[in-house]
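Spelled out from the first residue to the last, the chains are:
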Amino acid sequence: MVATNDTTVLIFGASGDLTSRKLIPALFRLSQQQYLSVRSPVIGVARRPKSHDEFRTEMREKVQARLGLDKFDAAAWDVFANQLFYQQLDLTDASEYAMLKTSVQAIESQVGAGNDASRIVYLATTPDLIAPAVEGLDVSGMIPPRESKSILRVVVEKPFGRDLKSAQELTLTLSRHLQESQIYRIDHYLGKETVQNILLFRFGNAIFEPLLNRNHVDHIQITVAEELGMEGARGGYYDTSGAMRDVLQNHVLQLLCLIAMDPPSLFQAREIRDEKMKVLQALRPGVSGPIENWAIRAQYTAGLVDGQPTLGYREEDRVNPNSNRETYVAMRVALDNWRWAGVPFFLRTGKRLPKQMTEIAIQFKNPPLNLFSTVECDGDLCDLVETRPNTLILRIQPQEAISLRFSTKRPGMNYQVQPVSMDFEYGAHFTAQLPEAYERLLLDVMRGDSTLFTRSDELEAAWRFVTPVLESWESSSAAPDFYPAATWGPRSADQLISETKACWRAPK
Ligand code: BG6
């Protein structure tokens, strides 16, 4: 394995949850696998004063607690800790960035990084600190001029705005200081191994792709279901966000792009993102008429999770007791293009659903003639006498898998149709642990590969589609629909899909 070139990683917002929960563990794993050169310092930057050693100890405790003592490799951590540093900085004070630059240079020469080392600034901050941070970097001369050999890449975390207008403003702010090629907008879903496999599965095999179009597909369901509710202090953030901004606008629409896009002419960032962009440009409401006809919002009420009573959303910590914020969204959308015209896409995401499950299910059309429908019904096998449509399921998580459902003859003297499944399970085929999304994405930033990051036009197209829905919900005093915790959402979502004679998948 080859370490990337020397790269200095600066994490702005180093005292936040994301740093200890995702970024440091991912960088530690990259270091263990020798993807992170020992001459690549990782510098946590935050407002509180702290020594390098205090930061190292704090990160070690958190990573160790996360991994468990038995899985924590202390010797490997000691190697990694040598390249871990801390710098105090008030991100809002532009005058402090000159001092940051001097400290970074001193650390780089301490670890022996080459003169042409590249730098990454990871903005793991709240959105209001993004503009001061890029301004400060610019003022201090840390953003190299276009013609320079030095490299600075800036990673931005979601939320990228909260509607079309604020997203455009953010893009403008960033573009005043950075070129688009220096900006890496993270959607961690794109770093998941199984999400990357969607493109390989589609375009690395010849037999599936010819079927993925309006001639053969009845409809497609994309589900991002979560069992969790508002754990920790999440309610405060979530009550200003909701399921649409938190998951549908980004993760779900990215999955839609990957399953619906045309093959790119080259497997490269620009060509892939161009094809995704075409999907977003073709995105339309699934039926005409008012928004309620194709977009449902709902909120969970109290329920029983594993036999234990749980709170309703409005009773959760830091949530407004009268909140109308949606914890569930279901939508019927369409793609107005040659490949998908007339094929409904059903999208849904929600908190406090019966289980965690992210999947894309492609349901094919029924055979043109049901030769077996006249077979006599036989007791408890009544439901087996008709062929069921084929379904191809890409299970993103957990129990990552790809399954194809098809009908077979149930052994016996009659023609009884039995649906069966052909399964490929990652766990059964690959012994290596699947890399964490952030490992892959951080490595890609170091390599300068922006394929798995969202471009500004994609972002705007996604906001352009969901903003009118959000505006309609937020300007209405009507309450959302409700669903008890640990159920698969409101009845209105069932009606949304049943109009096409389909139903949501609800795996056990
Ligand atoms: C995040 C959302 O982007 O994605 C969270 O902010 C959500 O609310 C999470 O829980 C889901 O990601 P994953 O990887 O757990 O499916």
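The rules behind the values
Residues numbered from 1 in each chain as written. Predicted model: local features only at pLDDT ≥ 70, side-chain atom pairs only at ≥ 80, totals over all residues. Heavy atoms only, no water. Salt bridge = Lys/Arg side-chain N within 4 Å of Asp/Glu carboxyl O. Helix = DSSP H or I, 4+ residues; strand = E, 2+ residues; numbered from the N terminus. Buried < 20%, exposed > 50% of the residue type's maximum accessible area, 1.4 Å probe, protein only. Contact = heavy atoms within 4.5 Å. Near = heavy atom within 4 Å. Polar contact = N/O pair within 3.5 Å; in protein donor to acceptor, adjacent residues only side chain to side chain. Areas by Shrake-Rupley, 256 points an atom, 1.4 Å probe, with all protein chains shown as cover. Nonpolar A, V, L, I, M, F, W, Y, C, P; charged D, E, K, R; others polar. Pairing = 2+ DSSP bridges. Axes fitted to C-alpha atoms, helices over the stretch in contact; angles between N-to-C directions.

Engineer: So what exactly am I meant to see when it comes to the pattern of salt bridges here?
Structural biologist: Where charged atoms of side chains with opposite charge meet at close range, the side chains can pair. Enumeration over the complete set of coordinates arrives at 33 salt bridges. In this structure, glutamate 108 engages arginine 119 in a salt bridge whose closest nitrogen and oxygen atoms are separated by 2.8 Å. A residue pair is termed long-range when its members are at least 10 positions apart, and glutamate 108 in helix H4 (residues 97–111) and arginine 119 in strand E4 (residues 118–123) qualify at 11 residues. Here lysine 351 makes a salt bridge to glutamate 226, at a shortest N to O gap of 3.1 Å. Here lysine 351, found in the loop between strand E13 (345–350) and strand E14 (357–364), pairs with glutamate 226, found in the loop between strand E7 (217–225) and helix H8 (234–238); they are 125 residues apart in sequence, far enough to count as distant. Connected through salt bridges with shared partners, the residues Arg202, Glu209, Asp262 and Arg339 form a single ionic network.

Engineer: Please explain the environment of serine 241 as it appears in this structure.
Structural biologist: Along the polypeptide, serine 241 turns up in the loop between H8 and helix H9 (243–260). Serine 241 sits in the buried class, given a relative accessible area of 4%. Remark: the alpha-carbon pair of serine 241 and arginine 410, spanning 169 residues in sequence, is separated by 49 Å. Residues in contact with serine 241, not counting those within four places in the same chain, are Asp246, Arg325 and Glu326.

Engineer: Help me understand the site of the ligand in this model?
Structural biologist: Taken together, Lys158, His188, Tyr189, Lys192, Glu226, Arg234, Asp246, His251, Lys351 and Gln397 are the residues near the ligand. In this structure, an oxygen atom belonging to the ligand sits 2.6 Å away from a side-chain N or O atom of lysine 192. Between an oxygen atom of the ligand and a side-chain N or O atom of histidine 251, the distance comes to 2.7 Å. The fraction of the free accessible surface of the ligand (390 Å²) that becomes covered by protein chains is 78%. A breakdown of the residues in the shell around the ligand according to their chemical character gives 1 nonpolar, 3 polar and 6 charged.

Engineer: Help me out: how do you make sense of the sheet that holds strand E3 (residues 84–88) in this one?
Structural biologist: Within a beta sheet, neighbouring strands are joined by backbone hydrogen bonds and run either parallel or antiparallel to one another. Strand order in the open sheet formed by 6 strands is E3-E2-E1-E4-E5-E6, with parallel pairing between adjacent strands. Edge strands, defined here as strands with exactly one partner in the open sheet, are E3 and strand E6 (183–185). Here the strands of the sheet are splayed against their neighbours by 20 degrees on average, with no regard to which way each runs. Sheet topology note: the strand E2 (residues 42–46)/E3 ladder contains 5 bridges and is parallel. Paired with isoleucine 43 across the bridge in E3 is phenylalanine 85.

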